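Here is what each chain is made of, one letter per residue.
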Amino acid sequence: MDFNMKKLASDAGIFFTRAVQFTEEKFGQAEKTELDAHFENLLARADSTKNWTEKILRQTEVLLQPNPSARVEEFLYEKLDRKVPSRVTNGELLAQYMAEAASELGPTTPYEGERETQNPKEAPDSRAVSTEPDAGLEL
């Protein structure tokens, strides 16, 4: 095992210096490092994209692994001949999150493409089957 004491001391010194700078900035004793406006804009967009991606990911997991208690509730309402209370489905909630992400993040992101196909009248039906024998085949 190669143990380099100089490297360890150097790394500890860098860590200590950064910790001191961070502490002084938080307590107002030192001047805070100024970032340019473009970089701050990128940081804000990155945070927003991260938040929306996590939210969409969580909702996708909920959609793929439905809540068993909700299914039992629907089953009981059906057997008791009662009307199931109307609520937003997991798919509708996922679509809503994707539309909100598209409107917030703008047209230069992959989320914007989802907003374009949101209207079912304009979106092509992917389940449509052609009756022509060679339809869709390219040679």
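Residues numbered from 1 in each chain as written. Predicted model: local features only at pLDDT ≥ 70, side-chain atom pairs only at ≥ 80, totals over all residues. Heavy atoms only, no water.

If you look the protein up in an unreviewed UniProt entry, it shows as BAR domain-containing protein from Felis catus.

## Some points on the overall build of the protein
Secondary structure summary: the protein contains 5 helices and 0 strands in total. Scanning the protein from its N terminus toward the C terminus, one meets helices and strands in the order α-α-α-α-α. With 139 residues in all, the protein has 9% of them scored as buried. Across the protein, every contact between residues at least 6 apart in sequence was considered, and the portion connecting residues at least 24 apart equals 55%. (Helix = DSSP H or I, 4+ residues; strand = E, 2+ residues; numbered from the N terminus. Buried < 20%, exposed > 50% of the residue type's maximum accessible area, 1.4 Å probe, protein only. Contact = heavy atoms within 4.5 Å.)

## Quick notes on the packing of aromatic side chains
Tallied over the full model, the rule gives 0 aromatic pairs. Here the basic side chain of Lys 55 rests over the ring of Tyr 97, its NZ or CZ set 4.6 Å away from the ring centre. (Phe/Tyr/Trp six-rings, centres within 6.5 Å; stacked < 30°, edge-to-face > 60°. Lys NZ or Arg CZ within 6 Å of the ring centre and 35° of its normal.)

## Focus on the environment of Thr 33
Positionally, Thr 33 belongs in the loop between α1 (5-27) and α2 (37-64). The sequence separation of Thr 33 and Phe 22 amounts to 11 residues, and the corresponding C-alpha distance is 9.9 Å. When neighbours within four sequence positions are excluded, Thr 33 is seen to be in contact with Gln 21 and Glu 25.

## So, the pattern of salt bridges
Within the structure shown, the criterion is met by 3 salt bridges. Measuring nitrogen to oxygen at the nearest pair gives 3.3 Å for the salt bridge that ties Glu 54 to Lys 50. Residue Glu 54 and its partner Lys 50 are both found in helix α2; the two are separated by 4 residues, about one turn of the helix. Of the residues examined, Lys 50 reaches a relative accessible area of 46% and is grouped as partly exposed. (Salt bridge = Lys/Arg side-chain N within 4 Å of Asp/Glu carboxyl O.)

## Structural notes on a nonpolar patch on the surface
Judged by side-chain polarity, Leu 35, Phe 39, Leu 42 and Leu 43 come together as a nonpolar surface patch covering roughly 330 Å² of accessible area. By the element assignment, Leu 35 lies in the loop between α1 and α2. (Patch = residues over 30% accessible without salt bridge, like charges linked within 9 Å, V, L, I, M, F, W, Y side chains within 5 Å. Areas by Shrake-Rupley, 256 points an atom, 1.4 Å probe, with all protein chains shown as cover.)

## Observations concerning the packing of α2 against helix α4 (residues 90-105)
The geometry of a pair of packed helices is captured by two quantities: the angle between their axes and the separation between those axes. Running from N to C, α2 and α4 cross one another at 170°; their axes reach a closest spacing of 9 Å. Accordingly, the angle class assigned to the pair α2 and α4 is roughly antiparallel. Where α2 approaches α4, its residues Arg 45, Ser 48, Thr 49, Trp 52, Lys 55, Ile 56, Gln 59, Thr 60, Val 62 and Leu 63 are matched on the opposing element by Asn 90, Gly 91, Leu 93, Leu 94, Tyr 97, Met 98, Glu 100, Ala 101, Glu 104 and Leu 105. Broken down by class, the residue content of the contact of α2 with α4 amounts to 10 nonpolar, 6 polar and 4 charged. (Axes fitted to C-alpha atoms, helices over the stretch in contact; angles between N-to-C directions. Parallel < 35°, antiparallel > 145°, perpendicular 65-115°, else oblique. Nonpolar A, V, L, I, M, F, W, Y, C, P; charged D, E, K, R; others polar.)

## Some remarks on α4
Between its terminal C-alpha atoms α4 stretches 22 Å, which fits the 22 Å expected from 16 residues at 1.5 Å a residue. Buried residues of α4: Leu 94, Tyr 97, Ala 101, Ala 102 and Leu 105, and no others. Projected onto a plane normal to the axis of α4, the buried residues spread over an arc of 135° and lie on a single side. Directly after α4, the chain includes Gly 106, whose backbone phi takes a positive value near 95°. (Expected span 1.5 Å × (residues − 1). Arc of directions from axis to C-beta.)

## Points about unusual backbone geometry
One non-glycine residue, Asp 81, lies in positive phi territory at about 55°. Positionally, Asp 81 belongs in the loop between α3 (68-79) and α4. On the accessibility criterion, Asp 81 (70% relative accessible area) is exposed.

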